[in-house]
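# Results of the structural survey
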Amino acid sequence: MDSKSPSKRQTRGRNPRGQGERLREEVVAATLRMLDELGDDQALSLRAVAREINVAATSVYLHFPDRDALVLAALERCHQDLMLAVQQAELTEDGPVAQLRARTLVLGAWAHDHPGLYKVLHESTLNQRADMRFKEELGRTTTAAVQRCMDAGLAPTDDAAMVALDLRAAVHGAVSMRVNQPDQHWPPLEDQVDRFLRKLVGTPPDPAPRTTTAG
C-alpha cells in the first residue's frame, strides 16, 4: 500500500490537555448506546467502543483498564440518570402514596425504553463479579418512600425496608418478564403496580387519583 494512501477509517488525534475528561464522557456515552443495543456486556469490547467514537483503542485503555471497568462506569452513570428520573417523577405528584407510585412506574417506563441496559444493569453476571453498591441507593430511597406512606397513616405500620424489598422484587419481576418476553400480552404495568401497592404496601384502593381536564 502506498504510504500516502488514506486509511479506511481515520482516527482523530489526541485530545488537547484538559480534554481527557471529555473523551471519557464520550466513551461512557458510546458504551451506554452499545450496551442498550447489545443487551449483553460480554458482547462488548473496548476496541468496538473505540471504533464507535473514532479513536485509537489505546485512548480507551487510558481511562478503563478492561471491559468490566468500562461497563461498570457506564452502568453507574445509567443508574445516576435513572435516580434523577425517579426524583423528577416524585416532584410531579402530591402526597406520599402518589409519589411512591410515580417513582415505581419510572422503572417500568425506563426498562421499556432501554431493555438492553435493563438486562445488563440487573441481569448480567457483572452483578456477581463487580461491586455495584451504587444500586443500593434505589433500595434506600424506596424504603424512605414507603416509610413516608406509613408515617402519613396511608399504609399499615411495618418494617419499611422489608416492605420496600417486596415491592421492588415484584416490580422487577413484572418488568423483567416484559423485557424478556415482549411478545406476550401483559396487563398494563400501571394496573399491576397499583395492585402491588395495595397488596404489598397496604395503600388505599385508589393510590393515585386521576384528574381530568376539560375537553
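Residues numbered from 1 in each chain as written. Predicted model: local features only at pLDDT ≥ 70, side-chain atom pairs only at ≥ 80, totals over all residues. Heavy atoms only, no water.

## A look at helix α10 (residues 189-201)
The end-to-end C-alpha distance of α10 is 17 Å, a good match for the 18 Å that 13 residues give at a rise of 1.5 Å each. What α10 keeps buried is the set Leu189, Gln192, Val193, Asp194, Phe196, Leu197 and Val201. Against the buried residues of α10 lie α5 (96-113), α8 (136-151) and α9 (160-180). One or two positions beyond α10, positive phi appears at Gly202, with a value near 90°. (Helix = DSSP H or I, 4+ residues; strand = E, 2+ residues; numbered from the N terminus. Expected span 1.5 Å × (residues − 1). Buried < 20%, exposed > 50% of the residue type's maximum accessible area, 1.4 Å probe, protein only. Contact = heavy atoms within 4.5 Å.)

## Re the environment of Phe134
Structurally, Phe134 can be placed in the loop between α7 (126-129) and α8. The buried category is assigned to Phe134, whose relative accessible area is 15%. Each C-alpha atom, one on Phe134 and one on Gln80, is 8.6 Å from the other, the two residues being 54 residues apart in sequence.

## So, the packing of helix α6 (residues 115-123) against α9
As a packed pair, α6 and α9 sit with axes 10 Å apart at the nearest point and diverge in direction by 130°. Between α6 and α9, the interaxial angle falls into the category oblique. When you trace α6 past α9, the crossing you get is left-handed. Contact residues: Pro115, Tyr118, Lys119, His122 and Glu123 in α6; His172, Val175, Ser176, Val179 and Asn180 in α9. (Axes fitted to C-alpha atoms, helices over the stretch in contact; angles between N-to-C directions. Parallel < 35°, antiparallel > 145°, perpendicular 65-115°, else oblique. Left-handed = near helix turned anticlockwise from the far one by under 90°.)

## A look at the confidence of the model for the protein chain
The share of residues in the protein chain with pLDDT of 70 or more is 87%, and the mean pLDDT across the chain is 88. For the stretch residues 1-13, pLDDT sits under 50, and the model shows twelve contacts to residues farther than four places along the chain or on other chains. Throughout residues 207-215 the model reports pLDDT below 50, and contacts reaching past four residues in sequence, or to other chains, amount to eight contacts. (pLDDT = per-residue confidence, 0-100.)

## Some points on the nonpolar core
Within the largest apolar cluster, 60 residues are counted, with the highest numbers of intra-cluster contacts made by Val27, Leu75, Leu100, Trp110, Val146, Val175 and Val201. Apart from the residues within four sequence positions on either side, Val175 is in contact with Leu107, Gly108, Ala111, Tyr118 and Leu189. (Core = buried A, V, L, I, M, F, W, Y, C linked by side-chain atoms within 4.5 Å.)

## Some points on the pattern of salt bridges
One pass over the structure, following the stated rule, counts nine salt bridges. One salt bridge in this structure joins Asp68 and Arg129, with 2.9 Å as the shortest N-O distance. Placement of Asp68 in helix α4 (residues 67-91) and of Arg129 in helix α7 is noted, with a sequence separation of 61 residues between them. Judged by relative accessible area, which is 25%, Asp68 ranks as partly exposed. Overall, the relative accessible area of 41% leaves Arg129 in the partly exposed class. With its nearest N and O atoms 3.4 Å apart, the salt bridge here joins Arg148 to Glu90. With Arg148 in helix α8 and Glu90 in helix α4, the pair connects residues that are 58 residues apart, well separated along the chain. Assessed through its relative accessible area of 14%, Glu90 is described here as buried. Through salt bridges with shared partners, a single network forms among Asp41, Asp68 and Arg129. (Salt bridge = Lys/Arg side-chain N within 4 Å of Asp/Glu carboxyl O.)

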